[in-house]
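Understanding the architecture of this molecule
Now for the letters of each chain:
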Amino acid sequence: MKATVFHGEGDVRVEDVPEPEIEEPTDAVVRITHTAVCGSDLWFYRGQRDVEPGSRVGHEPMGVVEAVGEDVTSVRPGDRVVAPFSVSCGECEFCRKGLYTSCTTDEGWNGAQAEKLRAPHADGTLVRIPERYADDEDTLESIVPLTDVMCTGHHAAVSAGVDAGDTVVVIGDGAVGLCGVLAAQRLGAERIVAMGHHEERLELAEEFGATETVSARGEEAVERARELTYGGANHVMECVGAESSMGTAFDVARPGGTVGYVGVPAGVDEAAFLGTAFGKNVTLRGGVAPVRAYVDDLLADVLQGTLDPSPIFTKTVDIDGVPEGYAAMDEREAVKVLVKP
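A few points on the structure.

Remarks on helix α6 (residues 175-186)
With 12 residues, α6 extends 16 Å from end C-alpha to end C-alpha; this agrees with the ideal 16 Å at 1.5 Å per step. In terms of burial, α6 is a largely internal element, 10 of the 12 residues being buried. Of all the residues in α6, the buried ones are Ala175, Val176, Gly177, Leu178, Cys179, Gly180, Val181, Leu182, Ala183 and Ala184. Elements in contact with the buried residues of α6: α5 (149-159), β8 (167-171), β9 (191-195), α7 (199-208), β11 (233-238) and β15 (336-339). Just past α6, the residue Gly188 takes up positive phi, approximately 95 degrees.

Structure (structure tokens):
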């Protein structure tokens, strides 16, 4: 089969690799029909995070079950399934409390940007899509973001304490930030200020529910956000993970407010914003999104037509086009790339 393999900075290739097999009685083998390139994939692509050359990559799988181990009970061959970006057993202390990303299993995806994938702990990880939607391509493309970015944006909103009637600032106009706008709108926020640097993406943020946008940079952006929120917002969603965006989050937070952060930190020096947080009594909450805790509720909304994050996909490629997809996202020519092997 074909799979995407990382070979070094700026170098991902689609190569022939052995097909996956059932290795444990809790495994399933899934034929991938949809996956994606994630903004977090760009960290290793740009040489900003260590990944061993020769590793298969990708973590956003959706597809059809081809085989299951003898202990698997929740899915069977022929079922269409979607899976969170992290594997979870569903039974350990952390899974039971909904913190699936801290699952005690040491299993992970062996590259979801591929034609097939072995799914460890299938009962704890895979989520079955009702059969009546199995061939509805529009619905399926709306479900793919639930593997990561839609649930991650939702985690930012939940962590920031967003509730009906609130004013929220969302920092970041990438796929997670745009999904964060959708999440805040879904939770009933009255005003949503989206901050980013790309006008076309901020236009999409408005389509998703942003009531105001800020495209300025640096201190000018902070002052504009403070002006719009009459001195700062009680709820701020940090969806980038850079030191500058973290600093902006604390600068635009109202004293006593909460920053929900989900951007994967890269080159972040906490000392740069810790003093601001301390002086304003701003709470920081968030981290890696426990997608499995959110996916059922968000899937229900997608299936009933009240949630559609699919417009974040601005480019679609087949498996051979994955390297092109990485380049497009790296060069800001695509918000997020959909891969249909």
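Right, picking up where we left off after that structure.
Remarks on α5
The element α5 is largely enclosed, with a buried count of 10 among its 11 residues. The inward-facing, buried residues of α5 abut α6, β11, β12 (253-261), β13 (283-286), α11 (291-303) and β15. Within two residues after α5, Gly161 carries a phi angle of roughly 80 degrees, on the positive side.

Describing the packing of α6 against α7
Where α6 contacts α7, the axes come no closer than 9 Å and their chain directions differ by 20 degrees. Relative to α7, the element α6 is oriented roughly parallel. Crossing of α6 against α7: the hand is right-handed. Only Arg201, Leu204, Ala205 and Phe208 of α7 make contact with α6, whose side of the interface consists of Leu178, Val181, Leu182 and Gln185. Among the residues making up the contact of α6 with α7, the classes are represented as six nonpolar, one polar and one charged.

Thoughts on the packing of aromatic side chains
Inspection of the entire model under this criterion finds three aromatic pairs. When the ring of Tyr45 is compared with that of Tyr326, the centres are 5.2 Å apart and the planes differ by 40 degrees; the resulting orientation is tilted. Here Tyr326 lies in helix α12 (residues 322-330) and Tyr45 lies in helix α1 (residues 41-45), a separation of 281 residues in the sequence. Summarising the burial analysis for this pair, Tyr45 and Tyr326 share the class buried. Aromatic ring contacts, followed pair by pair, group Phe6, Phe44, Tyr45 and Tyr326 into a single cluster.

Things to note about the sheet that holds β12
With parallel pairing, the six strands of this open sheet are ordered in space as β10-β9-β8-β11-β12-β13. With one partner strand each, in any of the chains shown, β10 (212-214) and β13 form the two edges of the open sheet. Neighbour-to-neighbour, the strand axes of this sheet turn through a mean angle of 20 degrees, independent of strand direction. For β12 and β13, the ladder comprises four bridges, and the chain directions are parallel. Directly across from Thr258, in β13, lies its bridge partner Thr283. Strands β8, β9 and β11 of the sheet are contacted by α6, whose axis makes an angle of about 175 degrees with β9.

A few points about unusual backbone geometry
Excluding glycine, residues mostly carry a negative phi; peptide bonds, for their part, are mostly trans. Of note in the backbone geometry, His121 takes a positive phi value of approximately 50 degrees without being a glycine. Relative to the assigned elements, His121 resides in the loop between β6 (116-119) and α3 (122-125). A relative accessible area of 22% means that His121 is categorised as partly exposed. Within the chain, Tyr230 stands out as a residue other than glycine whose phi angle is a positive 55 degrees. Topologically, Tyr230 is positioned in the loop between α8 (218-228) and β11.

Things to note about the pairing of strand β1 (residues 2-8)
Along β1, five of the seven residues are buried, which leaves the element largely enclosed by surrounding structure. Note that β1 and strand β2 (residues 11-16) share six bridges and pair antiparallel. Residue pairing for β2: Val5 is matched across the bridge by Arg13. Where β1 folds back onto β2 in an antiparallel hairpin, the turn is made up of two residues, including Gly10, whose phi is positive at roughly 70 degrees.

What counts and how
Residues numbered from 1 in each chain as written. Predicted model: local features only at pLDDT ≥ 70, side-chain atom pairs only at ≥ 80, totals over all residues. Heavy atoms only, no water. Helix = DSSP H or I, 4+ residues; strand = E, 2+ residues; numbered from the N terminus. Expected span 1.5 Å × (residues − 1). Buried < 20%, exposed > 50% of the residue type's maximum accessible area, 1.4 Å probe, protein only. Contact = heavy atoms within 4.5 Å. Axes fitted to C-alpha atoms, helices over the stretch in contact; angles between N-to-C directions. Parallel < 35°, antiparallel > 145°, perpendicular 65-115°, else oblique. Left-handed = near helix turned anticlockwise from the far one by under 90°. Nonpolar A, V, L, I, M, F, W, Y, C, P; charged D, E, K, R; others polar. Phe/Tyr/Trp six-rings, centres within 6.5 Å; stacked < 30°, edge-to-face > 60°. Pairing = 2+ DSSP bridges.

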